[in-house]
Structures are given as C-alpha cells and as structure tokens.
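Listed here are the chains, written in short residue letters.
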Amino acid sequence: MTARDALAELVTLWPRLPGLVGPDWRTLRPRALEQIDLLASATTDAERRLGAGRLLRLFIPHPRVRELLAEPAARDPRRASEGKPDDTADLNGLCRLLAAAPYEQWINAAFEGHPPEEPFEAERIYTLAFTVDCYAHPRAFTAAQLDLAPAAGEDSAVLDVTLHGDPDAITIRPVCTRLTIHRNVPASGTDTAGAAFEVTLRTADRPVVLMALFTPGGTPSVTQVLRLTLRRAGPVEQTTLLPPLTAGEGGAPDISISLMSTGGGDHTLCVVDRTGSASARLPHGVTELMSKVREVRKGLGHLLGGPRCSVYETSLTIPEDVYEEGLRAVAESGIDFFRTLFFAPGGSKDLRKLGDMLVHAVDEAEKEGARAPRIQIVSDELCLPWHLMYVADRYRENELSPTRLLGLGSRITLVPLSSDHRHPPPETSGTLDTLRALLAVNSDIDRPDSDRPRTLVSGQLDYWRERLADRAETLYESDEVTRALVGPREPDTLWYFYCHLEEGEDQPSEDTRMVLTGDRRLWLKRVRNTAPHDQPLSGAPLVVLNTCESASPWPVLRAGFPPYFLAKGARGVVCTEAKVPVEFGVEWARRFFDLLLAGEPLGTALHRVSHELLTEHHNLLGLLYTAHGDGGVVLVRQRSVTPVRRP
C-alpha cells in the first residue's frame, strides 16, 4: 500500500477508529494526532511518506484496523465515486484532509467565483463566504480545521462572525454576519446561508492578512479564529487558531481582546464587547514591546524592592503610607503601558477607539453595585502583562483607584491560541472526593531549626493531606518530576509547584529551570526533549506555578514553562510575574485553593483572592499572579468545602 492509499483510507476510517481499536484508543489517539500534525506541516512529499509510515506503525498492532488498511478497496481509485478521496489526489491535500478528519465539522472560507489560480486585483470587490463542511466531503476545508460543537441537548448553534484587516490595505463590508452550525450536518445540506463579507484590496503588491473571529451568538467570547493571508498571485493561505480545549464552566466574558500576528512583525488588535467589535494595527514590533513590558514591570518591582519591602514578608496587612506609595508606582507604570498600546503618538483613530472601549468597561465596573467584568485576552504569539495596565484616559494623582488596574478590578485570563499539541481534557469536572493532586516542592525553603524558624512547605503539605488524604502525591527532586512528566500515571486534576525558579540570561530562553530540593534543577530545555508534547499530562491538570517569575519577561508566548505545560495538555496554568515572597506565596495559596476546592472557576478565584487582599489588608501583591487558559475552568463540580476566613 502506498502512502497515498493509506492516508486516503485513514480519512474514511477515522469515525470508526474508536470501535476498531478498542480500549487502547484513549492512549493511541493523542499519539496519532501528534503524527498527523507533523504530516500536515510537512513541506515535501518525502517527509509526508516518512510521516505516513510512522503513523501507520501506530495502527499495525491493532488487527481490525490493519485488515481494513490492507484491503484492495483501499487502493481502488473507483472509491472516489463513493465520495471518498481518490488516488489522484495531491498527497499534501490528503495530509490536510487527514488533519481535519478527527473533527466533526469545520469552517470553510472561500472567495465566491474566484478561481484559486487567478491573481487578486486591487480595487475589485470580492465576496468572502464562510460555510460549514462535513469531514467526508472530498474537497472540504484543506488547510485548517475548527472544532465546532452545539451545546449539549441542542441541535444547532449560531456563531457571530466578524472580519478584520489592516484598514490601510483592505476595505471590508459585512453582508451576513451569522453562521448556523447544525449538529453533524454540513451547511450545504441545509437551507441556512453562511456568513459573507465584501472585501476590496486597496493594494495588491503585498500580502494582506484577514482575521475572522467566531463568537457564540450574543456574547463577546471569541471561541475560534481563522487567519487568511491573501497574496496577489494566490492561493489564499488559511490558518486556524484554537483556544485550549477545557472543561470551563464559567460565564462568557464581558469583553474579549484578540492580539494576532499579521506577518512581518506586525500585529492586529481586536476588541469585542456586547455592542460590537473594532480592530486596528498595533504600531509596535516585538523588540519595542519587549522594552514596554520591562517598563511596566518596574512598577510591580517597586512593591518588592523599596526600602519598606520587608513589610510584605513580615505582615499581610500593609501600612497605609506604603500602600499609597506602591499604588502610585504601579499606576504610573500601568497607565504608561496602557497609553503606549492605545494612545501612542502615531497610533490610529481606530486604536484609540479600542482603548475607549476598555475605559468604558472599567468605568461601568466602578459604579455602585456593579460586578467586576470578565475580560478574555486571546493571543497567537504575544503574551503581554495586560493585568498590569491602569485603564484611564489620563493620570489623576488624587483619584487613583486600584480597581482601574485590570488585574485587581477585573476577572482576567490570558487565552493562548494554538493549532498544535491539543489534548482533550476531561469532559466534566469531578468532585473533591475524586480529585488527585501532584505537589512538587523545594523542602529547603523550610528552616525549622534556625533562629527564625519557618515551616512553609510542611504546612502546605499538611493542608493537602487534610483535604485529599493519600490522593496528594509529593515530589521533592527534579528527577521525580521528570518521570511524572514522561508518564504514564494515574490522571491528576492539579499540579502544584512551590519552589524557586531561575530565568536564563538570554531571552527568549530555554535555560529556565526550577530549583527543587537539594538544589537540584529541572531544566526546561532538557524536559522538552525527555517529555515532549506528544506525551500529554494525564487528566489535563490545572498547573499552578507558585514560584519566582514563572511568566517569562519575553513577550513571545513560546518562552518559559507556562507554554510548555499548555502544550502538554494542561487545562490552564497559573504563573507569577515577579519574585514572590515565600511567606506571602503560602498565604495566597491557602486562599486560592480554598476557593478552587469549593468549586469556584479559576478566573473568579484569582480575582476574589486579589480583591480580599486589597480590601482587607491594603495588599497589592495579588497582581503577581496571572492565569493562562480558560478562566471558566472548574476543578470540582460542587461546593464541597467552605473557604476558611483567615486573619
């Protein structure tokens, strides 16, 4: 059987594979998806043939699949008449079809009446239509796929579609902005028309990038993003960006911000709220943004590096003068960062409009009785410290409010988008009685026999033993953590790290390492090789890094431990923006986990802890923690524990 034969047959077999493989399918599927991802990204037919061989070797041990792949029908070109890919199909196209096969439906983007081989012309109107195709269609979406699923018990769902592009390069006019998805039925089999937009290129001498955002009807929650790159000579390149698959149970965000790379170092920013959406190009490159990130973190560093910083280590309640000085420093750097992104000299009117949308959301949240807004930030490349922004049209020294800092006044989560290394999470959250946790700690932090004794690690281990008994496994050394990352192991709901972390000198750096017991280091660059992405974390756990500066200072999302754990299938990662005082880290952890174990969603738990520290203790250090992933992630299904109020 040729590689082309095998790939074509696997496309048609995919819906039946769970039954054909049997119980081993749960472990085989992620391994197969990893190989399929490599096939879809291969650049030569030689690479595709090698990849097809690796993929087939995964299925050879399963007799029922092996027999079907060996059947003569798999090599019979007449099967094209039955709606299956034929043997004359392009090998690259078959690889892409196979990449789409695991998903029931996907969105197809096409310019109506425009042959793929013809060039695009400037000042001519083209109609871009979005429809839904079924995986069995031989010429379905061949470049990228989008997971689609109506809600449980529903036969259909409605997506609102918005299309964005650089206004200096393209004009967009909406024709129809609603796309209806029918469960297991492609759009071509219904009377429902797809979404459509008229686009006019202002210039055809350089690539133009379009971003289509798909949101559930009536909410600003961006669930899918499709990026289209138009070149004068064609063809249109299509890339799908997907949020991490999670079992989130929180409400939809009040405002969604999307930051997308449009090639050549440029980025487009989109803001969606309940009134509509707007977009603009960001007038900064990665290097310049790196400088801005460093500047905004200076204000955060002031909380920890001033002459009075010891108060954060010795007392949870901060003196009023220290609090006011710290708020001033964080607000000054935060408003500079906000203005840099939205009100910078040379920025467009559309960019200022996006800033005004954020200002309006924060203004509304400050009204008496208003709830803190949910803000979702999705990004395909850059990971900026949005929670450190101080959102105001201008700096008012006598009217500083901590709730205008996004990290204190909003329930905010960062949602990294990726089309690679997606591993399915549990379908539902469990209960406290079934929750399992892995704890990786540096016991050297404890000093029980010193002049100033402390038992921070042992105290936390007692906390988990009290709640989970023998379902909390403790690891102390880097080798133990490496073995756990390689697996397989019994599924975990939570991984918690309480240790030191060292950042590499160069950025972005693979030299980041965790320092565990005995001064043993867990090096990120070694772990990537020993425990690669194709070996997902069992149970898709939430990973909490209560360490020093686990969020990389480099704004590119691929740097550091958080993107590594997300690629390994974590349903979310909580990380730190600066060096965390060890005593404060313990107090934060108690409050945070009390809420999570009581059934609070991730975003709500983070916000409540930060707000309690602020209102009860004048403590701003809740800003040190951010979440990457879906803010609606819930660890336990019901409130099994009442959070303990601690002095």
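Structure shown above.
Residues numbered from 1 in each chain as written. Predicted model: local features only at pLDDT ≥ 70, side-chain atom pairs only at ≥ 80, totals over all residues. Heavy atoms only, no water.

A. How the structure looks around the overall build of the protein chain. Counting its regular elements, the protein chain contains 17 helices and 23 strands. The proportion of buried residues among the 647 residues of the protein chain is 55%. The contacts in the protein chain between residues at least 6 apart in sequence include a share of 73% that link residues at least 24 apart. With an accessible surface of roughly 27,300 Å², the protein chain has 48% of that area assigned to carbon and sulfur atoms. (Helix = DSSP H or I, 4+ residues; strand = E, 2+ residues; numbered from the N terminus. Buried < 20%, exposed > 50% of the residue type's maximum accessible area, 1.4 Å probe, protein only. Contact = heavy atoms within 4.5 Å. Areas by Shrake-Rupley, 256 points an atom, 1.4 Å probe, with all protein chains shown as cover.)

B. Summary view of the environment of glycine 346. Tracing the backbone through its elements, the reader meets glycine 346 in the loop between α9 (320-342) and α10 (349-365). Taking the C-alpha atoms as reference, glycine 346 lies 7.5 Å from proline 283; in sequence the two are 63 residues apart.

C. Inspection of the sheet that holds strand β19 (residues 513-516) at higher detail. Read across the sheet, three strands follow the order β18-β19-β20 without closing on themselves; strand pairing throughout is antiparallel. This sheet does not close on itself; its edge strands, each paired only once, are β18 (500-502) and β20 (520-523). Direction aside, the axes of adjacent strands within the sheet are offset by 30° on average. On the sheet, helix α13 (residues 478-486) packs against β19 and β20 and is oriented at approximately 30° with respect to β20. (Pairing = 2+ DSSP bridges. Axes fitted to C-alpha atoms, helices over the stretch in contact; angles between N-to-C directions.)

D. Inspection of unusual backbone geometry at higher detail. In this structure, glutamate 123 is a non-glycine residue whose phi angle is positive, near 65°. Position of glutamate 123 among the secondary structure elements: in the loop between β1 (105-111) and β2 (125-134). The phi angle at alanine 540 is positive, at roughly 45°, despite the residue not being glycine. Looking at the element boundaries, alanine 540 is found in the loop between α14 (524-530) and β21 (542-546).

E. Local environment of the packing of aromatic side chains. The final tally for this structure, using the stated rule, is 17 aromatic pairs. Feature note: the residues Tyr463, Trp464, Tyr496, Trp588, Phe592, Phe593 and Tyr625 constitute an aromatic cluster, connected by ring pairs. Here arginine 467 stacks its cationic end above the ring of tyrosine 463, 3.8 Å away from the centre of that ring. (Phe/Tyr/Trp six-rings, centres within 6.5 Å; stacked < 30°, edge-to-face > 60°. Lys NZ or Arg CZ within 6 Å of the ring centre and 35° of its normal.)

F. Representation of the packing of helix α3 (residues 25-41) against helix α4 (residues 45-59). The geometry of α3 relative to α4 is characterised by a closest axis approach of 9 Å and an angle of 175° between their N-to-C directions. Regarding the angle of α3 to α4, the classification is roughly antiparallel. Contacts from Trp25, Leu28, Arg31, Ala32, Gln35, Ile36 and Leu39 of α3 reach α4 at Arg48, Gly51, Ala52, Arg54, Leu55, Leu58 and Phe59. For the contact of α3 with α4, a count of residues per class yields nine nonpolar, two polar and three charged. (Parallel < 35°, antiparallel > 145°, perpendicular 65-115°, else oblique. Nonpolar A, V, L, I, M, F, W, Y, C, P; charged D, E, K, R; others polar.)

G. The arrangement of helix α1 (residues 3-13) in detail. The buried fraction of α1 amounts to nine of the 11 residues, a majority that puts the element mostly inside the structure. If you check which residues of α1 are buried, you get Ala3, Asp5, Ala6, Leu7, Ala8, Glu9, Leu10, Val11 and Leu13.

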